[in-house]
Amino acid sequence: MSILTRPILEINLNNLLSNYKQLSDLAKNSIAAAVVKDNAYGLGAEEVSALLYKEAKCRHFFVAHAVEGEKIAHNLPQAKIFVLQGIGSDSLDVFERVPQLVPVISSPQMFDFWKEHRLDGRKPVIHIETGLNRLGFREADLQKLSDDDIKEFGMVMSHLACGDEKDHFMNAHQLETFEQLKNIYFAEIPGSLSASDGVFLGDKFQWNLVRLGAAMYGINTAPYRKNQMQNVVKIKAPVLQIANLPKGDFVGYSATYRASSERKIAIVSIGYGDGLPRSLSNVGKVFFKVRGQLIECRVIGRMSMDNMICDVTEADGLEVGDWAYIADDFYTLDDVARDAGTISYEIMSRVGKNPRYDRIYIGK
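This report concerns the structure included in the present document. Since this is a predicted model, take the numbers as computed values, not measurements.

A few words on the overall build of the chain. Looking only at helices and strands, one finds twelve helices and 18 strands in the chain. Taken along the three principal axes of its C-alpha coordinates, the chain extends 75 × 45 × 35 Å. Across the 364 residues of the chain, 54% fall into the buried class. For the chain, contacts bridging at least 24 residues in sequence account for 66% of all contacts bridging at least 6. In the chain, 42 positive and 46 negative side-chain charges are present, and the distance between their average locations comes to 3 Å.

This is the structure:
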């Protein structure tokens, strides 16, 4: 007999490509750049960037660190790879080796470093602060730039704080601030204000370049409306054991669940060591397919590092070796995140980087 023990992470590249094209159409007057930082949100930066470069003719990519850009540059000979965390002593050698890398300069100190180690043929991006109060030049910093300093830059960008809330006052505030600062200091160069969520806010937020990330990977970045993106990620794990749980018995660490009646339980080979939030304990949902029917079951007890325990009393006919569906088209990572009290970005990143999964790519 054969038995499986590893969880499976399935990544649908066809759906990812379709999402990119749909977002590109929504921002048809802008360059559609692909954000592949954090190993493409854990889904594989080399695979995703090569796909978009070849099939969608994407020529603009964003990573967080230069070392991330270096890993994908060999597949993107004609692309620009923008480095969001910028340039410093620990990455200068990478920028020197990889001509496609373009730093995003976010502070006067980093700009001083750039001028000291300027790379010929490259114009960095300047990141300006418009309301998020994270990285970026404040207006007082911009006032100190000379005309020659301003000519150093090839693009100006900022980042929305509340783009996932259509009517939030911060969106109009940041749009106005970005437009004012750009007109005063950077009228002659392209601008980029929006990531995925800003694309759905309309033309005025899209500017010259949009940075497509989470929505491209199927995450609902505009939760005020039904998700228009196709699902990219599926997670499933095998059932290792099925057992009867007598009335009054406890389940899992700390005995947080006690059976009020006789139950049947399944032990599934996935846990927080595989990147799932431990907060799914006693609240999460897992689905099983039994005799052609999809059965929703509850996670009971504390999730452990390698296993979760599910109440499968209603899944009559379930067998060892059957699959537990953790995330799928019918119960997406957005749904999992909602039940776990977190965001799907976090789960995707944690799951995607985990080496314990049997990773399967579907499509291109």
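Strands sit in the order β8-β7-β6-β5-β4-β3-β2-β9 across an open sheet of eight strands; the sheet is parallel. This sheet does not close on itself; its edge strands, each paired only once, are β8 (191-192) and β9 (209-212). For strand β3 (residues 60-63) and strand β4 (residues 80-83), the ladder comprises four bridges, and the chain directions are parallel. Residue pairing for β4: Val63 is matched across the bridge by Val83.

Taken N-terminus to C-terminus, the directions of helix α11 (residues 333-340) and helix α12 (residues 344-352) make an angle of 110 degrees; their axes are 8 Å apart at the nearest point. When the axes of α11 and α12 are compared, the pair comes out roughly perpendicular. Contact residues: α11 offers Leu333, Asp334, Val336 and Ala337, while α12 offers Ser344, Ile347 and Met348. Residue composition of the contact of α11 with α12, by class: five nonpolar, one polar and one charged.

Centre distance and the angle of the planes are the two values used to describe a pair of aromatic rings. Applying the stated criterion across every chain, the model contains ten aromatic pairs. Residues Tyr325 and Phe330 carry aromatic rings whose centres are separated by 6.4 Å and whose planes lie at 65 degrees to one another, so their mutual orientation is edge-to-face. Judged by its relative accessible area of 33%, Phe330 is partly exposed. One aromatic cluster is present, formed by Phe111, Phe153, Tyr185 and Phe186 through successive ring pairs. The ring of Trp323 has Lys236 sitting right over it, with the charged end atom 4.6 Å from the ring centre.

Turning our eyes to something else, we now look at unusual backbone geometry. Although it is not a glycine, Ala40 sits at a positive phi angle of roughly 55 degrees. With respect to the helices, strands and loops of the structure, Ala40 is situated in helix α2 (residues 37-41). Its identity is not glycine, yet Lys57 carries a phi of approximately 55 degrees, on the positive side. If you trace the backbone, Lys57 turns up in the loop between α3 (45-55) and β3.

Moving on, we come to α11. For an α-helix, the turn length of 3.6 residues means that residues three or four places apart are oriented alike. Within α11, six of the eight residues are buried, which leaves the element mostly enclosed by the surrounding structure. Among the structural elements, β10 (233-245), β14 (285-290), β17 (323-327) and α12 are those in contact with the buried residues of α11. Backbone geometry just after α11 places Gly341 at a positive phi near 75 degrees.

The next subject is the environment of Asp316. In this fold, Asp316 is placed in the loop between β16 (308-311) and β17. Distance in space between the C-alpha atoms of Asp316 and Val290 is 7.4 Å, their sequence separation being 26 residues. Excluding its chain neighbours within four sequence positions, the residues that come into contact with Asp316 are Val290 and Arg291.

Below, the discussion takes up the pattern of salt bridges. What the rule picks out here adds up to 16 salt bridges. Between Glu152 and Arg118 there is a salt bridge; the shortest N-O distance is 2.6 Å. Within this pair, whereas Glu152 is found in the loop between α8 (147-150) and β7 (155-157), its partner Arg118 is found in the loop between α6 (108-116) and β6 (125-127), the two being separated by 34 residues in sequence. Classification of Arg118 by relative accessible area gives partly exposed; the value is 38%. Close ionic contact of Lys234 with Asp329 constitutes a salt bridge, the shortest N to O distance being 3.8 Å. Residue Lys234 is located in strand β10, and its partner Asp329 is located in the loop between β17 and α11; the two are separated by 95 residues in the primary sequence. Among the residues examined, Lys234 registers a relative accessible area of 25% and is labelled partly exposed.

The next subject is the pairing of β10. As defined by bridge partners, strand β1 (residues 8-12) adjoins β10 across four bridges and the pair is classed as antiparallel. The residue of β10 that forms the bridge with Leu9 is Ile235. The sheet contact formed by β10 and β17 spans four bridges and is antiparallel. Of the residues in β17, the one forming a bridge with Ala237 is Ala324. Bridge count between β10 and strand β13 (residues 263-268): six bridges; the pairing is antiparallel. Bridging across to β13, Ile242 finds its partner in Ala266.

Rules of the game
Residues numbered from 1 in each chain as written. Predicted model: local features only at pLDDT ≥ 70, side-chain atom pairs only at ≥ 80, totals over all residues. Heavy atoms only, no water. Helix = DSSP H or I, 4+ residues; strand = E, 2+ residues; numbered from the N terminus. Buried < 20%, exposed > 50% of the residue type's maximum accessible area, 1.4 Å probe, protein only. Contact = heavy atoms within 4.5 Å. Lys, Arg positive; Asp, Glu negative; His and termini not counted. Charge placed at Lys NZ, Arg CZ, Asp CG, Glu CD. Pairing = 2+ DSSP bridges. Axes fitted to C-alpha atoms, helices over the stretch in contact; angles between N-to-C directions. Parallel < 35°, antiparallel > 145°, perpendicular 65-115°, else oblique. Nonpolar A, V, L, I, M, F, W, Y, C, P; charged D, E, K, R; others polar. Phe/Tyr/Trp six-rings, centres within 6.5 Å; stacked < 30°, edge-to-face > 60°. Lys NZ or Arg CZ within 6 Å of the ring centre and 35° of its normal. Salt bridge = Lys/Arg side-chain N within 4 Å of Asp/Glu carboxyl O.

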